[in-house]
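Inside the fold
Residue strings, one per chain:
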Amino acid sequence: MANSVRGGGPNAADIGLALYQTLRSQGSVAPDKAVAALGLTEAEAEAGWQELQELGLIRPSDGSGTVDAVEPDTALIELLARQRASLRRQRDELTSMVSAAESLMERYRPAVLRENAEIEVELLTRDHRRRQFLRDFDATITETASWMHPGPLPSSEVLASSLTADSELVARGVKVRAIYGQSINSAPRQRKYLSDLTAAGVEVRLAPQVPFDLLMADTHSALVLANPDEPLGPAIVIRGPALVRSYVAMYEDCWLRSVPYSANTSPALESDSELTEQHRTTMRLLANGLTDERIARKLGVSLRTVSRLVSEIMRYLEADSRFQAGVLAAAHGLI
């Protein structure tokens, strides 16, 4: 037996078979004696014992350190029994997983979708879609309509239509508020529009700087420009209090920082000894490195107006250059 195992370069199957036959011929025997009977080392026999263990062909006999051979049919039945048990466990795990998936899909996912359904963002790239939205926008307002516009104002036709819409909102009992940049108050046509708004019942305030165009219906919908530097570009519709509340908070902050409109208010330099908020805002923007073009967009004025404001600031500070004006403004605590 030993020679047959060693002679052909035995593998695990050969050694396992040789060990199994030894156990069957000798009955209950200690593993080391079975190995010695075959002329093998413990290391050589290890792979054979492992195969017999995996196939269920051996079992401990009576606690005396000996092992018995198991009939192949018995080992096969036990193997199949173990496989059936494993398949039952897999079936139970699969059933549990299917139940969990159904619960996620049928109970929890719809709940999340309902939450997400309350939030919607839409990009308006076409003019007709924006006009349609604005027509429908007023109908959704029940309590408060809030506008914010840096300027400049659109055409007289657009202003007339907007004034009519605002007047109808006020007539419905809606509180209408509007924040405009101080530059809006710099020309007769613009001042007349602001006066007409006030007469219609709209609360109008002026701010040194308005960050971007914003329309809000109560706390559920808002319209903003996709790019604040492109007034005629695409716009973004935001629906859902979860998103709009942040815009409401920002608007309220701007509202508190602005001043009520008065027909007697003028943004021009009132005297050689006083700067207006528009001049101070211009100084801050200059100090932040903005070009005249960007300052004009931020203030909603023309480049010519920005040049005038800068000239008035330099004259007020008695500065010979913009750089010197910035240094003097900082030294006097004006920025």
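Whatever comes next refers back to the structure up there.
Computed from a prediction, not measured in an experiment: that's the story for all the values here.

So, about helix 6 (residues 127–137). Looking at helix 6, one finds that the buried residues are Arg130, Phe133 and Phe137. Projected onto a plane normal to the axis of helix 6, the buried residues spread over an arc of 60° and lie on a single side. Exposed side chains of helix 6 directed beyond 90 degrees from the buried face belong to Asp127 and Arg135. Check the buried side of helix 6 and you find it contacts strand 3 (120–124), strand 4 (144–149), strand 7 (214–217), strand 8 (221–225) and strand 9 (235–239).

In this description, a pair of aromatic rings is defined by centroid distance and the angle of the planes. Within this structure, the stated rule accounts for three aromatic pairs. Ring centres of Tyr251 and Trp255 lie 6.3 Å apart, and the angle between their planes is 20°; this geometry places the pair in the stacked category. Here Tyr251 pairs with Trp255, and both are found in helix 9 (residues 241–257), just four residues apart, close to one helical turn. With respect to class, Tyr251 is no different from Trp255; both count as buried. The ring of Trp255 is capped by Arg177, whose NZ or CZ atom sits 4.8 Å from the centre of that ring.

Think of an α-helix as turning once every 3.6 residues; residues three or four places apart then point the same way. Between its first and last C-alpha atoms helix 12 (residues 303–317) spans 21 Å; for 15 residues at 1.5 Å apiece the expected length is 21 Å, and the two agree. Every buried residue belonging to helix 12 is among Thr305, Val306, Leu309, Val310, Glu312, Ile313, Met314 and Leu317, and all of these are buried. Remark: Glu318 follows helix 12 within two positions and exhibits a positive phi of approximately 55°.

Before going further, it helps to spend a moment on the packing of helix 3 (residues 31–38) against helix 4 (residues 42–55). Angle between the axes and distance between the axes: these two values describe a pair of packed helices. Packing of helix 3 against helix 4 leaves a shortest axis separation of 10 Å and a crossing angle of 110°. With respect to each other, helix 3 and helix 4 are oriented roughly perpendicular. The handedness of the crossing between helix 3 and helix 4 comes out as right-handed. Each of Pro31, Asp32, Ala34 and Val35 in helix 3 lies in contact with helix 4, whose residues at this interface are Glu42, Ala45 and Trp49. Looking at the contact of helix 3 with helix 4, its residues break down into five nonpolar, no polar and two charged.

Rules behind the numbers
Residues numbered from 1 in each chain as written. Predicted model: local features only at pLDDT ≥ 70, side-chain atom pairs only at ≥ 80, totals over all residues. Heavy atoms only, no water. Buried < 20%, exposed > 50% of the residue type's maximum accessible area, 1.4 Å probe, protein only. Helix = DSSP H or I, 4+ residues; strand = E, 2+ residues; numbered from the N terminus. Arc of directions from axis to C-beta. Contact = heavy atoms within 4.5 Å. Phe/Tyr/Trp six-rings, centres within 6.5 Å; stacked < 30°, edge-to-face > 60°. Lys NZ or Arg CZ within 6 Å of the ring centre and 35° of its normal. Expected span 1.5 Å × (residues − 1). Axes fitted to C-alpha atoms, helices over the stretch in contact; angles between N-to-C directions. Parallel < 35°, antiparallel > 145°, perpendicular 65-115°, else oblique. Left-handed = near helix turned anticlockwise from the far one by under 90°. Nonpolar A, V, L, I, M, F, W, Y, C, P; charged D, E, K, R; others polar.

These results come straight from atomic positions and should not be treated as a statement about function.
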